[in-house]
Amino acid sequence: MNLQHTPLHNLCRDAGGRMVPFAGWDMPVQFSGLLQEHQAVRQQVGMFDISHMGVLRLEGTNPKDTLQALVPTDLNRIGPGEACYTVLLNETGGILDDLVVYDLGTNKQDSQSLLIVINAACSETDTIWLKQHLQPAGIALSDAKNNGVLLALQGPQATKVLERLSGESLASLPRFGHRQVQFYGLGAEDPSSVFVARTGYTGENGFELLLEAEAGRALWLQLLAEGVIPCGLGSRDTLRLEAAMHLYGQDMDINTTPFEAGLGWLVHLEMPAPFMGRTALEQQAEQGPIRRLVGLKLSGRAIARHGYPLLHNNNKVGEITSGTWSPSLGEAIALGYLPTALARIGNEVEVEIRGKHHPATVVKRPFYRRPSLS
């Protein structure tokens, strides 16, 4: 199998990254070690190469109104310089992917622009789906990453580090806010224009940056020189799970709806606009879903993994979707689907792990919440 390489691939290897196949890419699973990388992000700052993810630009007349037909979230709630998290749906309300939509405003050609970031594993199918539904309405789609770098800088010290390197104040940039920032010393073009968004997948303060390949490699080296810890997919998974952030393909997929996946807050049925899957979701909202994604804490040190059965009165009632040992909490945590009647906080079930039953309690999500935004 021929794996794709990001522009930071060699630099990741040089930094000690242990590479593994992931969604068709050769990606670092860890550098110094999962625990060290996890704690770096929780306590100081870490960086991730996320250049494997898809980044698309949508341009034309009212691309937001056109995209609205495919997502259940009211996109008119965001304006230029703002973004929102949402999901792509099919006709039955099943989730095709989750994504972040960034409103770029109007460009020099008086064309309105959106940027969307999608999962690497869904990049090809998402692009086909979007072209099928958006191009007939005159909306142009293009690859906004263009073999460039997408880099995540996450942790309490992320703002200070990025301000020091850019020379610009970023503390006032709100969560899900974004803007272009000029960086000097990143390559042949000086300054280099970098798309900076206050978003992330760790539950911490942080930023995601989109920039050209040469500038991205230079920034990676600058961040290493600043003492920023490179982090891999392993710590990215423990961090996002502590924050109860979904992983597409495990915690949700085409067979789950936003209401089942605990993402009902993304469904704005009060808006008058039609959207894909609306009829199915209206029916589910009225009747209630028969199952729900819940947070679970396990007793002892047993760790629940994806696919492990959830039991009640010795009967299988559900399944673990994601599970790990939480470095921040010192407990085993997991996400999984349970019948709605068993999904109440405080209810107890069991997880079958290698033939043994281990007690688990339904708890409030997220498991971990950062002390404050810094």
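Being a predicted model, the structure only gives us computed values, none of them experimental.

Helix and strand counts for the protein come out as eight helices and 19 strands. In summary, the protein has a C-alpha radius of gyration of 21 Å against a globular reference of 21 Å for 374 residues, a match within 12%. If you line up the protein on its principal axes, its C-alpha atoms span 65 × 50 × 45 Å. Scored against the burial criterion, the 374 residues of the protein give a buried share of 55%. Across the protein, every contact between residues at least 6 apart in sequence was considered, and the portion connecting residues at least 24 apart equals 65%. Of note, the protein has its 31 positive side-chain charges centred 7 Å away from the centre of its 38 negative side-chain charges.

So, on to the pattern of salt bridges. Inspection of every chain in the model, using the stated rule, returns 13 salt bridges. A single network of salt bridges, built from pairs that share partners, joins Arg42, Glu204 and Glu242.

This next bit is on empty space enclosed by the protein. In this structure the tally under the stated criterion is two cavities of 30 Å³ or more. By volume, the largest cavity is sized at about 50 Å³. What lines the largest cavity is Val55, Tyr102, Leu115, Val117, Leu150, Phe195, Ala197, Thr199, Glu208 and Leu210. Within the residue set of the lining of the largest cavity, elements represented by two or more residues are strand E7 (112-118), strand E11 (192-197) and strand E12 (206-211). By residue class, the composition of the lining of the largest cavity is eight nonpolar, one polar and one charged. Of the voids in this model, the second largest cavity is the one considered here, and its volume is about 40 Å³. What lines the second largest cavity is Met27, Pro28, Phe48, Asp49, Ile50, Cys231, Gly232, Leu233 and Arg236.

Applying the stated criterion across every chain, the model contains three aromatic pairs. Ring geometry for Phe31 versus Trp220: centroids 6.4 Å apart, planes at 45 degrees, classification tilted. One end of the pair, Phe31, is in the loop between strand E2 (25-30) and helix H2 (34-43); the other, Trp220, is in helix H6 (residues 213-225), with 189 residues separating them in the sequence. With respect to class, Phe31 is no different from Trp220; both count as buried. Here the basic side chain of Arg291 rests over the ring of Tyr337, its NZ or CZ set 4.4 Å away from the ring centre. One Lys or Arg, Arg301, reaches over the ring of Trp325 and ends 4.3 Å from the middle of that ring.

This part takes up the pairing of strand E19 (residues 356-363). Sheet topology places strand E14 (residues 291-298) next to E19; four bridges connect them, and they run antiparallel. Paired with Lys297 across the two strands is Thr361, which belongs to E19. The sheet contact formed by strand E18 (residues 348-353) and E19 spans six bridges and is antiparallel. By the bridge assignment for E19, Glu350 is matched with Pro359. Connecting the antiparallel pair E18 and E19 is a turn made up of two residues, with Arg354 showing a positive phi of about 50 degrees.

Moving on to helix H4 (residues 123-134). Look at H4: 16 Å from first C-alpha to last across twelve residues, which is about the 16 Å you get at 1.5 Å a residue. Among all positions in H4, only Asp126, Thr127, Trp129, Leu130 and Leu134 are buried. The buried residues of H4 occupy one face: seen down the axis, they fall within an arc of 165 degrees. H4 presents Glu124, Thr125, Ile128 and Gln132 as exposed residues on the side facing more than 90 degrees away from its buried surface. Residues of H4 that are buried sit in contact with strand E4 (54-60), helix H3 (63-67), strand E5 (83-89), strand E6 (95-106), E7 and strand E8 (140-143).

Attention now moves to the sheet that holds E12. Across the sheet, six strands lie side by side as E10-E11-E12-E9-E3-E13; this open sheet has mixed pairing. Lying at the two open borders of the sheet, with one neighbouring strand each, are strand E10 (178-183) and strand E13 (229-231). With strand direction ignored, the average angle separating the axes of adjacent strands in the sheet is 30 degrees. One ladder, built from three bridges, connects E11 with E12; its direction is antiparallel.

What counts and what doesn't
- Residues numbered from 1 in each chain as written.
- Predicted model: local features only at pLDDT ≥ 70, side-chain atom pairs only at ≥ 80, totals over all residues.
- Heavy atoms only, no water.
- Helix = DSSP H or I, 4+ residues; strand = E, 2+ residues; numbered from the N terminus.
- Rg over C-alpha atoms; globule rule 2.2 N^0.38 Å.
- Buried < 20%, exposed > 50% of the residue type's maximum accessible area, 1.4 Å probe, protein only.
- Contact = heavy atoms within 4.5 Å.
- Lys, Arg positive; Asp, Glu negative; His and termini not counted.
- Charge placed at Lys NZ, Arg CZ, Asp CG, Glu CD.
- Salt bridge = Lys/Arg side-chain N within 4 Å of Asp/Glu carboxyl O.
- 1 Å grid on protein atoms, 1.4 Å probe; cavity = no way out; pocket = protein on both sides within 12 Å on 5 of 7 lines; lining within 4 Å.
- Points joined across faces, edges and corners; volume = space filled by probe spheres on them.
- Nonpolar A, V, L, I, M, F, W, Y, C, P; charged D, E, K, R; others polar.
- Phe/Tyr/Trp six-rings, centres within 6.5 Å; stacked < 30°, edge-to-face > 60°.
- Lys NZ or Arg CZ within 6 Å of the ring centre and 35° of its normal.
- Pairing = 2+ DSSP bridges.
- Expected span 1.5 Å × (residues − 1).
- Arc of directions from axis to C-beta.
- Axes fitted to C-alpha atoms, helices over the stretch in contact; angles between N-to-C directions.

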